[in-house]
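# Chains, contacts and geometry: an overview
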Amino acid sequence: MEVKVLGSVSPHCTEKYNGPGFLITSGENKILLDCGPGSTRLLDMEKDLKKMTIIISHLHRDHYSDLISSVAYTSYVLHNLGILENKVKVYIPEPDYYTDHENYTNQYGHYDYKLVTKPILDYQLLMNLGFESYLDVQTYNSDSKIQIGDVTATFGYNPHNIMSHSIKLSDGEVSMVYSGDTGYQYNNIEKLAKGTNLLICESTLLRGQSKGNHDYHLYAHEAAKIAYVSKPSILMLTHFWPTIEKEKYVAEALPIFSNTIPAEEGHILKLTNKKST
Ligand SMILES: [Zn+2]
Ligand SMILES: [Zn+2]
């Protein structure tokens, strides 16, 4: 597997940086994890869309806006021109529950976080893109297993203010986990990422920055604590504020987990059993 960073910042793109996006290549198959603002600038659309599966971690628009603004219409045009034969597969999470989650128990045994439910307009929009697109949009949940060539995608449910999942990709030889957006308490990343080659983990905040009343994101040192427990070969931090230097996030994480790097647009990592380069 090969991982290319398409975007590393949120909530908006800049001249240098894009919203969340990670392109995984395994044989002929391409897997795009999230599709944030500007992230598709680093795709080779005509080539990459041919055997493409897109998995969206959650329906916050910083994680899927380019799916609507760029991929959907491009897939329609490329299909009309005879360049794109197969529909682009897209997986989005099932919509939020509308129940009280005080005593909700997830697949890992506990989860007492109250979800803030929001109208599922985004879900309805994505499920009904249909016209002027060439996409096959389906849903997944925490129990889903998606097979993409040699790669199996599995999921872990995390605390965020809407339904949000970490995504694990494994081809039997190497594996990686992308955190999506998550709070620290009750995260399922530690279990999902145990012994993986690469953990791409959100680190939205720096020590001293306020989380406000909610616990929906990680500090850089919390991402490092997750890596310290799950022991991936490499921790790649991402989901930075667009105007704050990435080095500051890495500096906060390094004392806890030494093999920490920042997600950098265009950077390609080859995952191998020996070590990743
Ligand atoms: Zn986000
Ligand atoms: Zn989010």
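See the structure above.
Quick summary incoming for the structure in this document. (Residues numbered from 1 in each chain as written. Chains lettered and ligands numbered in written order. Predicted model: local features only at pLDDT ≥ 70, side-chain atom pairs only at ≥ 80, totals over all residues. Heavy atoms only, no water.)

## Description of the packing of helix 5 (residues 220-230) against helix 6 (residues 246-253)
What counts, and what does not: The axes are straight lines fitted to the C-alpha atoms, using for helices just the contacting stretch, and the angles between their N-to-C directions are given from 0 to 180°. To qualify as a helix, a DSSP run of H or I must reach at least 4 residues; to qualify as a strand, a run of E must reach at least 2; elements of each kind are numbered from the N terminus. Here roughly perpendicular refers to angles of 65 to 115 degrees, roughly parallel to angles under 35, roughly antiparallel to angles over 145, and oblique to all remaining angles. Helix crossings are classified by the rotation of the near helix relative to the far one: an anticlockwise turn of less than a right angle makes the crossing left-handed, while a clockwise turn makes it right-handed. Any pair of residues with heavy atoms lying within 4.5 Å of one another is described as a contacting pair. We call Asp, Glu, Lys and Arg charged. Ala, Val, Leu, Ile, Met, Phe, Trp, Tyr, Cys and Pro are nonpolar, and the rest, Gly among them, are polar.
With their axes 7 Å apart at the nearest point, helix 5 and helix 6 run at an angle of 50° to one another. Our classification of the angle between helix 5 and helix 6 gives oblique. Of the two possible hands of crossing, helix 5 and helix 6 adopt the one that is right-handed. Taken together, the residues of helix 6 that come into contact with helix 5 (itself represented by Ala220, His221 and Ala224) are Tyr249, Glu252 and Ala253. Looking at the contact of helix 5 with helix 6, its residues break down into 4 nonpolar, 1 polar and 1 charged.

## Section: the environment of Leu199
Counting through the fold element by element, Leu199 comes out in strand 11 (residues 198-202). Beyond its immediate chain neighbours, meaning those up to four positions away, Leu199 contacts Val177, Ile189, Ala193, Ile226, Ala227, Ser230, Pro232, Ile234, Leu235 and Met236.

## Brief notes about the sheet that holds strand 11
Inclusion rule: Paired strands are those between which DSSP finds at least two bridges.
Reading across from one edge, 7-8-9-10-11-12-13 is the order of the 7 strands in this open sheet, with mixed pairing throughout. Among the strands making up the open sheet, the edge pair consists of strand 7 (146-148) and strand 13 (260-262). The average undirected angle you get between the axes of adjacent strands in this sheet is 20°. Sheet topology places strand 12 (residues 234-238) next to strand 13; 3 bridges connect them, and they run parallel. The partner of Leu235 across the bridge, within strand 13, is Thr260. The sheet strands contacting helix 6 are strand 12 and strand 13, and the helix crosses strand 13 at an angle near 165°.

## With respect to the coordination of the zinc ion (ligand 2)
The following threshold applies: Coordination partners: N, O, S within 2.8 Å of the metal, 3.2 Å for Na, K and Ca; water not considered, so apparent gaps in a site are possible. Note on geometry labels: four donors, all angles 85 to 135 degrees, give tetrahedral; four donors become square planar and six octahedral when opposite donors are over 155 degrees apart and every other angle is between 65 and 115; remaining cases are irregular. Buried residues are those whose accessible area, probed at 1.4 Å on protein chains only, stays under 20% of the maximum for their type, while exposed residues exceed 50% and partly exposed ones sit between those limits.
Here the zinc ion (ligand 2) is held by His58 (NE2), His60 (ND1), His160 (NE2) and Asp181 (OD), and the distances to it run 2.1 to 2.3 Å. In this structure, the zinc ion (ligand 2) is coordinated by 4 donor atoms arranged in irregular fashion, with angles at the metal of 88 to 164°. Positions of the donor residues of the zinc ion (ligand 2), expressed as sequence spacing, correspond to H-x1-H-x99-H-x20-D. The distance between the zinc ion (ligand 2) and the zinc ion (ligand 1) comes to 3.6 Å, and Asp181 binds to both of them. Remark: Asp181 occurs in the loop between strand 10 (175-178) and helix 4 (189-192) and His60 occurs in the loop between strand 4 (52-55) and helix 2 (65-80); sequence separation between them is 121 residues. The same class applies to His60 and to Asp181, which are both buried.

## Considerations on the environment of Ile256
One can find Ile256 in the loop between helix 6 and strand 13. A residue is classified by how much of its surface remains accessible, and Ile256, at 28% relative accessible area, is partly exposed. Ile256 sits 28 residues away from Tyr228 along the chain, and the two C-alpha atoms are 6.8 Å apart.

## Observations regarding the coordination of the zinc ion (ligand 1)
Distances from the zinc ion (ligand 1) to its protein donors, Asp62 (OD), His63 (NE2), Asp181 (OD) and His239 (NE2), fall at 2.1 to 2.2 Å. Coordination at the zinc ion (ligand 1) is irregular: its 4 donor atoms span angles of 89 to 159° at the metal. Mapping the donors of the zinc ion (ligand 1) onto the primary sequence yields the spacing D-H-x117-D-x57-H. Its relative accessible area of 0% is what places His63 among the buried residues.

## Regarding helix 5
An α-helical segment advances 3.6 residues per turn. Residues three or four places apart therefore align on the same side. With 8 of 11 residues buried, helix 5 is to be regarded as a mostly interior element. Turning to helix 5, its buried residues are Ala220, His221, Glu222, Ala223, Ala224, Ile226, Ala227 and Ser230. Once helix 5 finishes, Lys231 follows within two positions and takes phi at roughly 55°, a positive value.

## A short note on the sheet that holds strand 1 (residues 2-7)
If you walk across this open sheet you meet the 7 strands as 6-5-4-3-2-1-14, and the pairing is mixed. Of all strands in the sheet, those bounded by a partner on one side alone are strand 6 (135-140) and strand 14 (268-270). Each strand axis lies, on average, 20° off the axis of its neighbour in the sheet, ignoring direction. Strand direction decides the pairing type here: strand 3 (residues 29-33) and strand 4, joined by 4 bridges, are parallel. Its bridge partner being in strand 4, Leu33 is matched across the sheet by Ile55. Contacts between helix 2 and the sheet are confined to strand 4, strand 5 (88-93) and strand 6, with strand 6 contributing the most and set at about 135° to the helix.

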